[in-house]
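# Tertiary structure, described
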Amino acid sequence: MSESITRRAVKLAPSMIASDWARPLDTVRELTEAGVEWLHWDAMDGHFVPNLTLGPMFLAALRPHTELHFDAHLMLAKPGDYLDEFIEAGANSISVHVEAGAHLHRLIGRIKEGGAMAGAVLNPATPVAALDVILPTLDYVLVMSVNPGFSGQKFLPLAVDKIAELNRHRQEKGLKFLIQVDGGVSPATAPLVVRAGADVLVCGSNIFNSGTPQENVRALREAIDKAFWEAV
Ligand code: DX5
Ligand code: ZN
């Protein structure tokens, strides 16, 4: 088995924007029972992306009801204006887009000072090289496998090469950051990203659009296990 496909723990992070917003507390309970590790919260401001979703108050409202790791993905034109609110709301990790501003280094520092894990996000058109300088300070890198803004889009295969490139950097430089992938993740695409080196899989429509979260989480886990077995 090669280094990059060594059996390792892969976390699932259901994307709450794809869930039924009439019953978020039930959803959190179902996902906890299904055994997911992270909950992914997509904050969109109608400027950085053409959609409006949730703010820190949603995390704050659900925070007392679950121990699950809260992962905030900020698709905001001015992420710096809201970092403190997301930290206070109980986010355990916060990611900001490389494309959202000139001060990524400062934003990453502020997230870490606030006690959360800090991630940087790459849009599909942004190369891995944009992170060269800052990579050693990151807790995770989020590789977008769709253009951000909406759940339910088709997986972009270009993400697989970017994950593999990040995985190579991680090994060559002895770094520990996690690689997260977001967009179009399903039992069909999960093996591709896991074999390339992804550690945290965000999944929206494939967990919530049909069947039950429990069944869909199980199908994803089986696909991930199979990816490792077939790579042996
Ligand atoms: C897209 C969001 C994703 C999205 C994933 O901008 O960042 O988290 O909800 O949904 P699916 O898995 O349906 O692509
Ligand atoms: Zn997301």
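So, how was this worked out
All residue numbers refer to positions counted from 1 along the written sequence of the respective chain. Chain A is the first chain written and ligand 1 is the first ligand written, with later ones labelled in order. Two thresholds apply to this predicted model, a pLDDT of at least 70 for residue-level local features and 80 or more for giving and counting side-chain atom pairs, whereas whole-chain, interface and lining totals are computed over all residues. Water and hydrogen atoms play no part in the side-chain values, which are based on all heavy atoms of the structure. Secondary structure elements follow DSSP: runs of H or I of four or more residues count as helices, runs of E of two or more count as strands, with numbering from the N terminus. It is over C-alpha atoms that the radius of gyration is taken, and the globule rule equals 2.2 Å times the number of residues to the power 0.38. Summary of the burial criterion: residues with accessible area below 20% of their type's maximum are buried, those above 50% are exposed, and those between are partly exposed, where the area comes from a 1.4 Å probe applied to protein chains only. What sets the accessible areas is the Shrake-Rupley method with a 1.4 Å probe; for residues, cover comes only from the shown protein chains. The charge count includes Lys and Arg as positive and Asp and Glu as negative, but it does not include His or the ends of the chains. By convention, charge coordinates are those of NZ in Lys, CZ in Arg, CG in Asp, or CD in Glu. Residues are counted as near a molecule or strand when any one of their heavy atoms sits within 4 Å of it. In the analysis that follows, any N or O atom pair within 3.5 Å is treated as a polar contact, provided that within protein one partner can donate a hydrogen and the other can accept it, and provided that, for residues neighboring in sequence, both atoms belong to side chains. Computed over the protein atoms alone on a 1 Å grid, cavities are sets of points where a 1.4 Å probe fits but cannot get out and pockets are open sets with protein on both sides within 12 Å along at least five of seven lines; a residue lines them when it has an atom within 4 Å of a point. A molecule is counted as occupying a cavity or pocket when more than half of its atoms fall within 2 Å of that pocket's grid points. This arc is taken over the directions from the axis of the helix to the C-beta atoms. In this description, contact between two residues means that some pair of their heavy atoms is separated by no more than 4.5 Å. Grid points are joined across faces, edges and corners, and a volume is the space filled by probe spheres set on the points. Residue type decides the class: Asp, Glu, Lys and Arg count as charged, Ala, Val, Leu, Ile, Met, Phe, Trp, Tyr, Cys and Pro as nonpolar, and the leftover types, Gly among them, as polar.

## Focus on the overall build of the protein chain
Within the protein chain one finds eight helices and eight strands. Taken against the 2.2 N^0.38 rule, which gives 17 Å for 232 residues, the C-alpha radius of gyration of the protein chain at 16 Å falls within 12% of a compact globule. Projected onto its principal axes, the C-alpha coordinates of the protein chain cover approximately 45 × 45 × 30 Å. Here the protein chain holds 232 residues, and the buried ones make up 54% of them. About 10400 Å² of surface is accessible on the protein chain, with carbon and sulfur atoms providing 54% of the total. Taking the 20 positively charged and 27 negatively charged side chains of the protein chain as two groups, their mean positions are separated by 4 Å.

## With respect to the site of ligand 1
Taken together, 20 residues form the shell around ligand 1, and within it Asp42, Gly149, Asp182, Gly204 and Ser205 come nearest. For ligand 1, an oxygen atom lies 2.8 Å from a polar atom in the backbone of Gly149. Notes on ligand 1: free accessible area 380 Å², of which the protein chains cover 100%. According to the grid-proximity analysis, the pocket containing ligand 1 is the largest cavity. Among the elements that take part in the shell around ligand 1, strand S2 (residues 38-44) stands out by supplying three residues, more than any other.

## Things to note about helix H4 (residues 104-113)
Within H4, burial applies to Leu104, Leu107, Ile108 and Ile111. Within H4, the buried residues cover an arc of 100° as seen down the axis, which keeps them to one side. In H4, those exposed residues whose orientation departs by more than 90 degrees from the buried face are His105, Arg106 and Glu113. Tucked inside the fold, the buried residues of H4 contact helix H3 (83-88), strand S4 (93-97) and strand S5 (117-122).

## A short note on empty space enclosed by the protein
This structure, assessed with the given rule, holds one cavity of 30 Å³ or more. Of the pockets and cavities examined, the largest cavity occupies roughly 200 Å³. In terms of lining, the largest cavity is formed by 24 residues, of which the most central are Val146, Phe150, Ser151, Asp182 and Gly183. When contributions to the lining of the largest cavity are tallied by element, the ones reaching two or more residues are S2, strand S3 (69-75), strand S8 (200-203) and helix H7 (205-208). Of the residues in the lining of the largest cavity, the class split is ten nonpolar, twelve polar and two charged.

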